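# Residue-level structure breakdown
For reference, the chains in residue letters:
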Amino acid sequence: MAEPAFGRPVPLEQTRERVINQLIQHYAAENLTDAGLEERLMQVYAANTVPELHALVADLPVAGPETAPAPGVAPAAAAPTSVARADYTSERQVVAAVMGGAERKGVWTPPKQLFVVAAMGGAELDFRQARFGPGVTEVMCFVLMGGVEIVVPPGVYVDLNGLALMGGFGQVGHAPPPDDPAAPVLKIGGVALMGGVDVSIRYPGERASDAKRRERLEHKERKRLGGG
């Protein structure tokens with residue numbers, strides 16, 4: 001008898017991120033009290049298996065008209081990061097913002113190497129609906145009196161390493177290394193002179209303010225559990 005075909009197991013950390021997001025949504029919808037949210041977040045970080053994580057939201061109401069998340073709150077279960085075929089992924093592209101602005105957002109396929117130039121201008125790269133090619137996607141930023149804002153969804157590991165002169169490279173949000181060896185990796189580097197490159201981890205549809213609130217809650221529970 002042929003064995004049934006099963007899909008690829010969902011990585012533990014990816015499930016943990018999704019359950020945290022679901023709990024925050026239920027808290028916003030007043031399905032959880034302050035104490036209830038804190039208790040379940042503690043259990044989320046203590047869980048070691050995917051079934052343990054699923055059990056923490058199994059008794060909560062199913063999202064519907066009465067339990068819809070508040071405006072700006074991320075979806076309960078963000079779709080897995082899309083992967084593009086290798087032959088659909090170009091080798092190199094350039095995004096230039098010279099005394100102006102440039103952006104990449106929505107559904108798009110990043111190249112293997114993306115060069116971003118922001119000279120007295122600003123560039124925005126939103127990878128939350130991007131279709132990543134296989135392997136590492138490299139973003140090289142060259143900033144002169146400008147800025148580059150990069151938004152990355154949970155589940156994509158970010159390797160940030162740039163040189164800043166009277167500027168900065170910074171990341172907001174916790175992105176643990178992926179359990180899945182095939183998960184996308186975004187390598188960000190370059191030079192920022194009197195400018196900056198800012199990276200934030202946000203779910204699709206999640207506003208910056210909602211992401212900061214979620215990160216504060218997650219950080220609080222990591223500290224409680226001794227994870228720093």
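This text follows the structure it describes.
Scope of this entry: the structure provided in the associated data block. Quick caveat: nothing in here was measured; it's all calculated off a predicted structure.

## Considering the environment of Gln 14
Residue position: Gln 14 is located in helix H1 (residues 12–28). Assessed through its relative accessible area of 25%, Gln 14 is described here as partly exposed. C-alpha separation for the pair Gln 14 and Val 50, spaced 36 residues apart in sequence, amounts to 9.5 Å.

## Here's the deal with the sheet that holds strand S8 (residues 147–152)
Taken in spatial order, the five strands line up as S3-S5-S8-S12-S10 in an open sheet, and their pairing is parallel. Because the sheet does not close on itself, it has two edges, and the strands there are strand S3 (101–104) and strand S10 (168–172). Taking each pair of neighbouring strands and ignoring which way they run, the sheet shows an average axis angle of 10°. Note that S8 and strand S12 (residues 196–201) share six bridges and pair parallel. By the bridge assignment, Glu 149 is partnered in S12 with Asp 198.

## Structural notes on helix H2 (residues 34–46)
Here H2 contains 13 residues, and its C-alpha end-to-end distance of 19 Å stays within 8% of the 18 Å for a straight helix at 1.5 Å per residue. Inspection of H2 places Gly 36, Leu 37, Arg 40, Leu 41, Val 44 and Tyr 45 among the buried residues, and these make up the whole buried set. Projected onto a plane normal to the axis of H2, the buried residues spread over an arc of 160° and lie on a single side. A distance of 3.0 Å separates the backbone nitrogen of Gly 36 from a side-chain oxygen at the start of H2, and that oxygen is part of Thr 33.

So, how was this worked out
Residues numbered from 1 in each chain as written. Predicted model: local features only at pLDDT ≥ 70, side-chain atom pairs only at ≥ 80, totals over all residues. Heavy atoms only, no water. Helix = DSSP H or I, 4+ residues; strand = E, 2+ residues; numbered from the N terminus. Buried < 20%, exposed > 50% of the residue type's maximum accessible area, 1.4 Å probe, protein only. Pairing = 2+ DSSP bridges. Axes fitted to C-alpha atoms, helices over the stretch in contact; angles between N-to-C directions. Expected span 1.5 Å × (residues − 1). Arc of directions from axis to C-beta. Polar contact = N/O pair within 3.5 Å; in protein donor to acceptor, adjacent residues only side chain to side chain.

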